[in-house]
Amino acid sequence: LPAVVAAAAAATSTGGDAPHSPILLDVYATWCGPCKFMEPLLLEAAEELGPTVRVVKLDSDKYPRISSVLKVGGLPTLIRFDGGDVSKEVERME
């Protein structure tokens, strides 16, 4: 799983991200109303935080196995990972 989170973070990197900055993973679905509500707030947060936090999105319908491994129980789910150790989940909100 850490490799998946790291790969997702790398794929969404803007190039100016600090390599050990924390990762905020947004697990969402396109049909989820609260997820749609959160989207502009997360985009604003990503802009404001810049390279200090990497905001990564994961579509739970496209990647159900990863959602299962992450034990996602509801949508949206926000999971914060330590930037230096992506296997370390620091905080979760569902």
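Residues numbered from 1 in each chain as written. Predicted model: local features only at pLDDT ≥ 70, side-chain atom pairs only at ≥ 80, totals over all residues. Heavy atoms only, no water.

What about unusual backbone geometry?
And then number 1: For the bond from leucine 75 to proline 76, the omega torsion is -10°, close enough to zero to count as cis.
And then number 2: Among the structural elements, proline 76 can be located in the loop between helix 3 (64-69) and strand 3 (77-81). (Helix = DSSP H or I, 4+ residues; strand = E, 2+ residues; numbered from the N terminus.)

Description of the sheet that holds strand 3
And then number 1: Spatial strand order, 2-1-3-4: 4 strands in an open sheet with mixed pairing. Looking at which strands have only one partner, the edges of the open sheet turn out to be strand 2 (54-59) and strand 4 (89-93). Taking the axes of each pair of neighbouring strands and ignoring which way they run, one obtains an average angle of 20° across the sheet.
And then number 2: As paired elements, strand 1 (residues 23-28) and strand 3 share 5 bridges and run antiparallel to each other. Bridged to leucine 24 within strand 3 is arginine 80.
And then number 3: Packing of helix 2 (residues 33-49) onto the sheet brings it into contact with strand 1, strand 2 and strand 3, and relative to strand 1 it is tilted by some 160°. (Pairing = 2+ DSSP bridges. Axes fitted to C-alpha atoms, helices over the stretch in contact; angles between N-to-C directions. Contact = heavy atoms within 4.5 Å.)

Remarks on the nonpolar core
And then number 1: In this structure, Ile23, Leu25, Val27, Val56, Leu58, Ile66, Leu70, Ile79, Phe81 and Val86 together form the largest nonpolar core, which totals 10 residues.
And then number 2: The set of elements that each furnish at least two residues to this core consists of strand 1, strand 2 and strand 3.
And then number 3: For this core, the leading source of residues is strand 1, giving 3 residues.
And then number 4: Leu24, Leu42, Val55 and Leu78 belong to the second largest nonpolar core, which has 5 residues in total. (Core = buried A, V, L, I, M, F, W, Y, C linked by side-chain atoms within 4.5 Å. Buried < 20%, exposed > 50% of the residue type's maximum accessible area, 1.4 Å probe, protein only.)

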